[in-house]
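A closer look at the structure
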Amino acid sequence: MTLYVIGKPIKHSLSPIIHNFWINKYKLSLEYKKMEVEKDFLPSLIKDVRNGKVTGLNITIPYKRDIIKFIDEISNTAKDIGAINTVFLKRDKVYGDNTDGIGFTRALEKKKNFNFFNKSIYVLGAGGASHGIISELIKKKVKTIYVANRTKQKTIKLLNFFKNKNNNVDLKFVDWENLVPNSDVDLIINTTSFGMNENEALKIDTRNLKTTLILVDIIYNPRETKLIKLFRKEGFFCMNGLCMLIEQAAVSFELWFNISLNNKDIEEVKKICEASY
Ligand code: ATR
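Residues numbered from 1 in each chain as written. Predicted model: local features only at pLDDT ≥ 70, side-chain atom pairs only at ≥ 80, totals over all residues. Heavy atoms only, no water.

1. Observations concerning the pattern of salt bridges
Taken as a whole and assessed by the stated rule, the structure comprises 16 salt bridges. Note that Lys139 is salt-bridged to Glu136, the shortest N-O span being 3.5 Å. In this pair, Lys139 and Glu136 are both assigned in helix H5 (residues 128-139), three residues apart and thus about one turn of the helix distant. A salt bridge links Lys270 to Glu274; the shortest N-O distance between them is 3.9 Å. Of this pair, Lys270 and Glu274 are both found in helix H9 (residues 263-276), four residues apart, which corresponds to roughly one turn of the helix. For Lys270, a relative accessible area of 14% puts it in the buried group. In this structure Glu274 comes out as partly exposed when scored by relative accessible area, which is 32%. Residues joined in a network through salt bridges with shared partners are Lys25, Lys264, Asp265 and Glu268. (Salt bridge = Lys/Arg side-chain N within 4 Å of Asp/Glu carboxyl O. Helix = DSSP H or I, 4+ residues; strand = E, 2+ residues; numbered from the N terminus. Buried < 20%, exposed > 50% of the residue type's maximum accessible area, 1.4 Å probe, protein only.)

This is the structure:
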């Protein structure tokens, strides 16, 4: 029995290290592998899930949206996000879910005991990861979500998408060229791939920020983006994307095997990941 994480590129994925550790720990007789695939291979992979040859899939960039049309049944969370990262057979149907958003909120709740209720959150990016996180922030009843993205049209599209689904959270447009978060902001989240190149520095004004502000950059390689370095230097608590990666993997694992992982399982795998890159 085999599980795969599929995407393109997939070389640097830490998912096999994470899942194989838990698979061995819980003595499950299967293997988790990575597979780089072309888009036209997606239907045959889903067929293999349907006929039981493949136990489950994680989907990563760039196929989280493309996969939707081949799936029989989609969770409400994945519908809200418009993307799937976890696939398995449920009551003879190929089922798709998304664990990215919950992975993010769990990571911060555990690490900082962070309570999202009524908070003001500043989100950079309007892609798949941003949709996943914002969908979960809305469920947690935050007060305000500010969104900025390089391509303005995508910010507007994202804001309209979520405005149509809720009228409790205040969703606000921010110009990417003028990132000046004010003192009501509790949390800044970078969901863009900007900063993966270690020389890239985002221009963001930190002058008005409250001292308790938290910065999360969902990039985990490099471990410290320039954005994290800047905020850390100014004394703010910062977190990279490794905890989120592990937490979203734990939720997928639970969906596949009905095993809920404890904090020790999470911490053990975190150490292994940190030593691996
Ligand atoms: P993911 O699923 O990881 O979110 P995605 O859907 O491709 O991936 O979204 C990538 C995000 O990173 C987008 O918000 C993208 O901005 P655009 O909408 O303008 O493309 C952002 N991004 C990628 N490279 C960037 C860069 N060099 N500068 C600023 N934003 C960048």
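2. Considering the side chain of Ser120
Mapped onto the fold, Ser120 is located in strand S7 (residues 120-124). Look at Ser120 and you get buried, because its relative accessible area is 1%. A distance of 3.2 Å separates polar atoms of two side chains, one belonging to Ser120 and the other to Asp184. Each residue touching Ser120, except ones within four places of it in the same chain, is listed here: Lys143, Thr144, Tyr146, Asp184, Val185, Asp186 and Leu187. (Polar contact = N/O pair within 3.5 Å; in protein donor to acceptor, adjacent residues only side chain to side chain. Contact = heavy atoms within 4.5 Å.)

3. Here we look at the layout of surface pockets
Quantified by volume, the largest pocket comes out at close to 1,700 Å³. If you go around the largest pocket, you meet 46 residues; those closest to its centre are Ile61, Lys64, Ala129, Thr191 and Ser193. Contributing elements (two or more residues each) for the lining of the largest pocket: strand S3 (56-59), H5, helix H6 (152-163) and helix H8 (242-257). The biggest single contributor to the lining of the largest pocket is H6, with four residues. (1 Å grid on protein atoms, 1.4 Å probe; cavity = no way out; pocket = protein on both sides within 12 Å on 5 of 7 lines; lining within 4 Å. Points joined across faces, edges and corners; volume = space filled by probe spheres on them.)

4. Examining the environment of Asn262
Relative to the helices and strands, Asn262 resides in the loop between H8 and H9. Along the chain, Asn262 and Ala250 lie 12 residues apart, while their C-alpha atoms are 9.2 Å from each other. Here the side chain of Asn262 touches Asp265 through a polar contact of 2.8 Å, landing on its backbone nitrogen.

5. A closer look at the site of the ligand
Neighbouring the ligand are 14 residues, the closest being Gly128, Ala129, Asn149, Arg150 and Thr151. In the model, an oxygen atom of the ligand is placed 3.4 Å from a nitrogen or oxygen of the Ser193 main chain. For the ligand, the accessible surface in isolation is 640 Å², of which the surrounding protein chains cover 74%. Comparing atom positions with the cavity grids shows the ligand to sit within the largest pocket. Here the shell around the ligand is built from residues that sort into five nonpolar, seven polar and two charged. (Near = heavy atom within 4 Å. Areas by Shrake-Rupley, 256 points an atom, 1.4 Å probe, with all protein chains shown as cover. Sits in = over half its atoms within 2 Å of the grid points. Nonpolar A, V, L, I, M, F, W, Y, C, P; charged D, E, K, R; others polar.)

It is worth stressing that arrangement in space is one thing and function is another; only the former is reported here.
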